[in-house]
Amino acid sequence: MTAANRKIIIISAPSGAGKTTIVKHLLYVFPQLGFSVSATSRKIRQGEKNGREYYFVQSAEFEQMIEDGKLLEWQEVYPGSYYGTQVSEVERIATNAQFPVFDVDVVGGLNIKKMYGANALAIFIKPPSYEILESRLRSRATDSEESLQKRLLKAKWELSFEKDFDIIIVNNRLDDAFEQAEKLVIDFLGIKL
Ligand code: 5GP
């Protein structure tokens, strides 16, 4: 079975929509899923661990990966910060007999969807409103005002791609979003309960 024949799950959203929380929940509930750890050139944040959230690399190393064709997909998600999925990561997950889950930006998500077609379930997580998204991002202590403005601008743009995804989950109440996401995964992968 080639990589593209295998079912995969893509989860994309504007920053602040609660995507990572939903991804973590699905990974906790379903041992059948394996998180695709992306490579990134952004700085490691407090609490993060190399090889768990990301493989943290220098920009030059990332550019070398691009040149060597080691990436399935990559984006400069924020100016100066590269993010990408290594082909070897998808293979690692397949070796564990798991289905990959990609937590990627909207453009990356749609690019991966094109590669996998019907074998991919592309989920878009949406905040209940733009105002709620802004207040969620503001309450995160990790961002400077400048980086917050960048994220907001990008979020607005990313929201315009929702229609290109297979399904949209509006993250209003987290428990409802969890339930909806679980059901989608069960149906898509044909998991027997
Ligand atoms: P953060 O810096 O907050 O961890 O992530 C910023 C954005 O980059 C998020 O939307 C995240 O999903 C996205 N991202 C993470 N890994 C990848 C990747 O491999 N490819 C793409 N295109 N986006 C990614």
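Note: the structure precedes this text.
Predicted model, so just to flag it, every value in this text is computed and none were measured.

What counts as what
Residues numbered from 1 in each chain as written. Predicted model: local features only at pLDDT ≥ 70, side-chain atom pairs only at ≥ 80, totals over all residues. Heavy atoms only, no water. Salt bridge = Lys/Arg side-chain N within 4 Å of Asp/Glu carboxyl O. Helix = DSSP H or I, 4+ residues; strand = E, 2+ residues; numbered from the N terminus. Buried < 20%, exposed > 50% of the residue type's maximum accessible area, 1.4 Å probe, protein only. Axes fitted to C-alpha atoms, helices over the stretch in contact; angles between N-to-C directions. Parallel < 35°, antiparallel > 145°, perpendicular 65-115°, else oblique. Left-handed = near helix turned anticlockwise from the far one by under 90°. Contact = heavy atoms within 4.5 Å. Phe/Tyr/Trp six-rings, centres within 6.5 Å; stacked < 30°, edge-to-face > 60°. Lys NZ or Arg CZ within 6 Å of the ring centre and 35° of its normal.

1. Remarks on the pattern of salt bridges
Within this structure, the stated rule accounts for 13 salt bridges. In this structure, Glu 48 and Arg 42 form a salt bridge, with 2.8 Å as the shortest nitrogen-oxygen distance. In this structure, Lys 183 engages Asp 187 in a salt bridge whose closest nitrogen and oxygen atoms are separated by 3.1 Å. Here Lys 183 and its partner Asp 187 are both found in helix α7 (residues 174–189), 4 residues apart, which amounts to about one turn of the helix. For the pair Lys 183 and Asp 187, a shared accessibility class is recorded, and that class is exposed. Linked by salt bridges that have partners in common, Asp 105, Lys 154 and Glu 158 make up one network.

2. Observations regarding the packing of helix α5 (residues 130–139) against helix α6 (residues 145–159)
The contact between α5 and α6 brings their axes to 11 Å, and the two run at 150 degrees. By the angle between their axes, α5 is roughly antiparallel relative to α6. Read as a crossing pair, α5 and α6 show a hand that is right-handed. On α6, the residues that touch Tyr 130, Leu 133, Glu 134, Leu 137 and Arg 138 of α5 are Glu 145, Leu 148, Gln 149, Arg 151, Leu 152, Ala 155, Lys 156 and Leu 159.

3. A few points about the packing of aromatic side chains
This structure, assessed with the given rule, holds 6 aromatic pairs. Look at Trp 157 and Phe 161: their rings are 5.0 Å apart centre to centre, the planes differ by 80 degrees, and that puts the pair in the edge-to-face class. Relative accessible area serves as the criterion here: at 42%, Trp 157 is assigned to the partly exposed category. One aromatic cluster is present, formed by Tyr 54, Phe 56 and Tyr 83 through successive ring pairs. Over the face of the ring belonging to Phe 99 we find Arg 6, whose NZ or CZ atom lies 4.8 Å from the ring centre. Looking at Lys 156, its charged tip hangs above the ring of Tyr 130, at a distance of 4.7 Å from the centre.

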